[in-house]
Amino acid sequence: MKILIINPNTSEDMTEKIRAVAHTAKRDDCTVVVTCPDRGPITIESSYDEAYAIGPTIDLVKQATEEGDYDAIILACFCEIGVEAAREISTIPVLGLEEPTLATALLLGEKFGVMTEQRPRVAMKKRHVRRYGLLKRMASIRPLELSVAELAADPEGTKAAGMKLAQRMIEEDGAEVIIMGCAAMAGYSDDLERELKIPVLDPLKVTLKLTEAIVDLGLSHSRIGLYAPPTPKEFK
């Protein structure tokens, strides 16, 4: 089994972080290749950033699909950028980090809480939860008030801030499951889960393990309806 993980931003440091966490989470018979585009935003923290990141990310998806060397692709961003477009052009499974993690959280508790980086992203993530029809299962979405770069660069500081925020989400909002809603927090969940004594989900790890299972089952996305291939046309 061979899985391609694409970090949609251009940060080599974050790509290396994702690579390290993925290699600890994958099973022994799974080969994981981690890459990022060579153009686009260094971090993704707005809809504007997302718009710039989609094109180069889709180019990597198209290349991987045409090469035929992979069994699945993961787009390692919690905002699901480009996932639907990637599925339209890919004949192998393509997963983002957000939807698989939310689906897993539903199995582990009545209400989930999501940590995000900064306050402007709360509304975006709430919109996504609404789109999935899961508002009744959401306890809250709360910001750490840290940039993506700060989340990645300061693991101990982020975990300390995350611990305080998670405790508020549990005590004040009724969260039974915590989701670390940014790929920059990959690898931080174990310490929080040990202290909080409830499930704390690392979207990268969750999605990687679900992807392994999907490949084992021989499944992929339906290519009629939502993910039907695009009509061939000239692009200028």
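Before reading further, recall that the structure is shown in the block above.
Conventions adopted
Residues numbered from 1 in each chain as written. Predicted model: local features only at pLDDT ≥ 70, side-chain atom pairs only at ≥ 80, totals over all residues. Heavy atoms only, no water. Helix = DSSP H or I, 4+ residues; strand = E, 2+ residues; numbered from the N terminus. Rg over C-alpha atoms; globule rule 2.2 N^0.38 Å. Buried < 20%, exposed > 50% of the residue type's maximum accessible area, 1.4 Å probe, protein only. Contact = heavy atoms within 4.5 Å. Lys, Arg positive; Asp, Glu negative; His and termini not counted. Charge placed at Lys NZ, Arg CZ, Asp CG, Glu CD. Polar contact = N/O pair within 3.5 Å; in protein donor to acceptor, adjacent residues only side chain to side chain. Pairing = 2+ DSSP bridges. Axes fitted to C-alpha atoms, helices over the stretch in contact; angles between N-to-C directions. Parallel < 35°, antiparallel > 145°, perpendicular 65-115°, else oblique. Left-handed = near helix turned anticlockwise from the far one by under 90°. Nonpolar A, V, L, I, M, F, W, Y, C, P; charged D, E, K, R; others polar.

Asks: An account of the overall build of the protein is requested, with residue identities and associated values reported.
Replies: If you tally the helices and strands in the protein, you get 9 helices and 8 strands. Radius of gyration (C-alpha) of the protein: 17 Å, near the 18 Å computed for a compact globule of 236 residues. Viewed in the frame of its principal axes, the protein has a C-alpha envelope of about 55 × 35 × 35 Å. Taken over 236 residues, the protein has a buried fraction of 52%. If you take every contact in the protein between residues at least 6 apart in sequence, the share linking residues at least 24 apart comes to 71%. Here the protein carries 29 positive and 37 negative side-chain charges, and the mean point of each set is 5 Å from the other.

Asks: Describe the environment of Lys205, naming the residues involved and giving the relevant values.
Replies: Among the secondary structure elements, Lys205 is positioned in helix H9 (residues 203-216). The sequence separation of Lys205 and Leu135 amounts to 70 residues, and the corresponding C-alpha distance is 24 Å. Looking at Lys205, its side chain comes within polar contact range of the side chain of Asp190, at 3.3 Å.

Asks: I'd like a rundown of the environment of Ile5, residues and numbers included.
Replies: Within the secondary structure layout, Ile5 lies in strand S1 (residues 2-6). Judged by its relative accessible area of 0%, Ile5 falls in the buried class. Sequence spacing of Ile5 and Pro155 is 150 residues, and the spatial spacing of their C-alpha atoms is 22 Å. With sequence-adjacent residues up to four places away left out, Ile5 is seen in contact with Ile18, Ala22, Val32, Val33, Val34, Thr35, Ile74, Ala76 and Leu204.

Asks: Hey, could you go over the sheet that holds strand S2 (residues 31-35) for me, with residue numbers and the actual values?
Replies: Spatial strand order, S2-S1-S3-S4: 4 strands in an open sheet with parallel pairing. Where the open sheet ends on each side, the last strands, each with one partner, are S2 and strand S4 (94-95). Pairing of strand S3 (residues 72-75) with S4, which is carried by 2 bridges, proceeds in the parallel orientation. Counterpart to Ile73 in the pairing with S4 is Val94. Against the sheet, helix H2 (residues 47-67) touches S1, S2 and S3, its axis set at about 170 degrees to S3.

Asks: Which residues make up helix H4 (residues 98-106), and what are the values?
Replies: Inspection of H4 places Glu98, Pro100, Thr101, Leu102, Thr104 and Ala105 among the buried residues, and these make up the whole buried set. The inward-facing, buried residues of H4 contact S4, strand S5 (112-116), helix H5 (120-131), strand S7 (177-180), strand S8 (200-201) and H9.

Asks: Could you give me a rundown of the packing of helix H7 (residues 155-173) against helix H8 (residues 189-196), with the residues and numbers involved?
Replies: In a packed pair of helices, the relevant descriptors are the angle between the two axes and the axis-to-axis distance. At their nearest, the axes of H7 and H8 sit 10 Å apart, and the two run at 45 degrees to each other. It follows that H7 is oblique to H8 by the angle criterion. For the element pair H7 and H8, the recorded crossing hand is right-handed. From H7, Lys159, Gly162, Met163, Ala166, Gln167 and Ile170 reach across to H8, where they touch Asp191, Leu192, Glu195 and Leu196. Looking at the contact of H7 with H8, its residues break down into 5 nonpolar, 2 polar and 3 charged.

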